[in-house]
Amino acid sequence: MRIATWNVNSVKQRMPRLLPWLEQRRPDVVCLQETKLTDEAFTSLLAAPLAELGYEVASHGQGQWNGVALLSRVGLADVERGFAGQPDYDGRAEARAISATCGGVRVHSLYVPNGRTPDSDHYVYKLAWLAALGDIVAAGPADAVVCGDVNIAPTDADVFDPAAYAGHTHVTAPERAALAALMDAGLRDVVRDRWPGERVFSYWDYRAGMFHQDLGMRIDLVLASGPVAGRVRAAWIDREARKGKLPSDHAPVIVDLDVAPDGDIGPMVPPPSAPRRGARGVRLPQAR
DNA sequence: ATGGTTGCGCTGCAA
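Everything numeric here is computed off the predicted structure, so don't read it as measured data.

Moving on to helix 3 (residues 121-138). Every α-helix carries 3.6 residues per turn, so stepping three or four residues along brings you back to the same face. The end-to-end C-alpha distance of helix 3 is 26 Å, a good match for the 26 Å that 18 residues give at a rise of 1.5 Å each. Against the buried residues of helix 3 lie strand 6 (97-102), strand 7 (105-111), strand 8 (144-149), helix 4 (173-183) and strand 9 (187-189).

Now for the environment of proline 247. Relative to the elements of secondary structure, proline 247 occurs in the loop between strand 11 (232-237) and strand 12 (253-257). On a C-alpha basis, the gap between proline 247 and tyrosine 206 in space is 9.3 Å, while along the polypeptide they are 41 residues apart. Those residues in contact with proline 247, other than ones at most four positions away along the chain, are Arg14, Arg17, Tyr206, Ala241 and Arg242.

Per the counting criterion, the structure on display carries five aromatic pairs. Plain terms: the ring middles of tryptophan 204 and phenylalanine 211 are 4.9 Å apart, the flat faces sit at 85° to each other, and that makes the pair edge-to-face.

Across the interface, helix 1 (residues 11-25) lies against helix 2 (residues 39-52) with an axial gap of 12 Å and an inter-helix angle of 10°. Our classification of the angle between helix 1 and helix 2 gives roughly parallel. Together, Val11, Lys12, Met15, Leu18, Leu19 and Leu22 of helix 1 and Phe42, Leu45, Leu46, Pro49 and Leu50 of helix 2 make up the contact between the two elements. Of the residues belonging to the contact of helix 1 with helix 2, the class tally is 10 nonpolar, no polar and one charged.

This next bit is on the environment of glycine 61. Along the chain, glycine 61 turns up in the loop between strand 3 (56-60) and strand 4 (68-72). For glycine 61, a relative accessible area of 19% puts it in the buried group. In sequence terms glycine 61 and alanine 177 are 116 residues apart; their C-alpha atoms lie 28 Å from each other. Ignoring anything within four residues of it in the chain, the contact list for glycine 61 reads Leu37, Thr38, Asp39, Gly67 and Ala95.

Structurally, the position occupied by aspartate 256 is in strand 12. A polar contact of 2.7 Å, which involves the side chain of aspartate 256, links it to the side chain of arginine 2.

Running from N to C, helix 3 and helix 4 point in directions that differ by 10°, and their axes come no closer than 9 Å. With respect to helix 4, the element helix 3 is oriented roughly parallel. Contact residues: Tyr123, Lys126, Leu127, Leu130, Leu133, Gly134 and Val137 in helix 3; Pro174, Glu175, Ala178 and Leu182 in helix 4. Taken together, the residues of the contact of helix 3 with helix 4 break down into eight nonpolar, one polar and two charged.

With seven of its seven residues buried, strand 7 lies for the most part within the structure. The side-chain alternation of strand 7 yields two buried faces, one formed by Val105, Val107, Ser109 and Tyr111 and the other by Arg106, His108 and Leu110. Here strand 6 folds back onto strand 7, and the loop between the two strands holds two residues, one of which, glycine 103, carries a positive phi near 55°. Here six bridges tie strand 7 to strand 8, and the two strands are oriented parallel to one another. Bridge pairing in strand 8 links histidine 108 to valine 146. Each parallel crossover has a hand, and the one from strand 7 via helix 3 to strand 8 is right-handed.

Let us look at the side chain of asparagine 151. Relative to the elements of secondary structure, asparagine 151 occurs in the loop between strand 8 and helix 4. Take asparagine 151: its relative accessible area is 4%, and that puts it in the buried class.

This part is about unusual backbone geometry. With a phi close to 50°, arginine 26 is a non-glycine residue in the positive phi region. Assessed through its relative accessible area of 41%, arginine 26 is described here as partly exposed. Positive phi, close to 60°, is recorded for arginine 116, a residue that is not glycine. Within the fold, arginine 116 resides in the loop between strand 7 and helix 3.

It is worth spelling out the nonpolar core at this point. In terms of nonpolar packing, the biggest core is built from 44 residues, with Val107, Val145, Phe160 and Tyr165 touching the most fellow members. In terms of nonpolar packing, the next biggest core, distinct from the first, is built from 23 residues, Leu32, Leu46, Leu50 and Ala241 among them.

The rules behind these values
Residues numbered from 1 in each chain as written. Chains lettered and ligands numbered in written order. Predicted model: local features only at pLDDT ≥ 70, side-chain atom pairs only at ≥ 80, totals over all residues. Heavy atoms only, no water. Helix = DSSP H or I, 4+ residues; strand = E, 2+ residues; numbered from the N terminus. Expected span 1.5 Å × (residues − 1). Contact = heavy atoms within 4.5 Å. Phe/Tyr/Trp six-rings, centres within 6.5 Å; stacked < 30°, edge-to-face > 60°. Axes fitted to C-alpha atoms, helices over the stretch in contact; angles between N-to-C directions. Parallel < 35°, antiparallel > 145°, perpendicular 65-115°, else oblique. Nonpolar A, V, L, I, M, F, W, Y, C, P; charged D, E, K, R; others polar. Buried < 20%, exposed > 50% of the residue type's maximum accessible area, 1.4 Å probe, protein only. Polar contact = N/O pair within 3.5 Å; in protein donor to acceptor, adjacent residues only side chain to side chain. Pairing = 2+ DSSP bridges. Right-handed = clockwise from strand over helix to strand, strands pointing away. Core = buried A, V, L, I, M, F, W, Y, C linked by side-chain atoms within 4.5 Å.

Any link to function would need more than the numbers given here.
Rendered as structure tokens:
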């Protein structure tokens, strides 16, 4: 079973990239983030082309901002939009989480709040949101994957230059502690497990040629519970999807599990491109 | 060059 997660930064704008990518990589389960469409708009735009590719679909969107979705060719049962105890922001619930059971695994597609700046109320919201999510995951099924844009680089190895991020969100100790607490439920960061010490990023700012210089961060994760982590046969970031015309600013993460319910392990995949040299002294764009 | 991009949607905000 192949599971992928991708922050598409508007699924409407990304349709010309998403649909060919689905045909090329043929994931069985896809977690999408930043769909930026209401459920009605998602259905009218995407239900038919996705059904053509064999996917059942569940979305949880609000239009303009946020929005998550799940696509599955191995079943999509017990869909839950949001989660019990999910904090509001500014008095409103945001569309940042959807989960379902696909091929026997509880799959979460998450768009963790950005946090904006460490002194903001959005940062407080981010930490509370992660704590509430942790309670749900810890109480959930033993076979689970927590996928998505977590807006946290787990370690300094997950950013191109730690100094460039000093004082910014995504790298602060409380954020990393919140992620570690979530993972205390027994989750493994399966891409890092597969590529220890490698330069592996999933996000590059659109500005200033950051992708061209490979100045990025790894903030899109697949966190697998122990039983699922033991089935991982490949785990990589599909950097090709960040190249070319009209890309998202995030690349997909792809994880292959063996012993899917139908017995099909799916096609094998090439490894990521060779790691690049680090870069120092590059100034970070003001916003991410 | 205190810069640079994209998306949403129409003015500036979010990322």
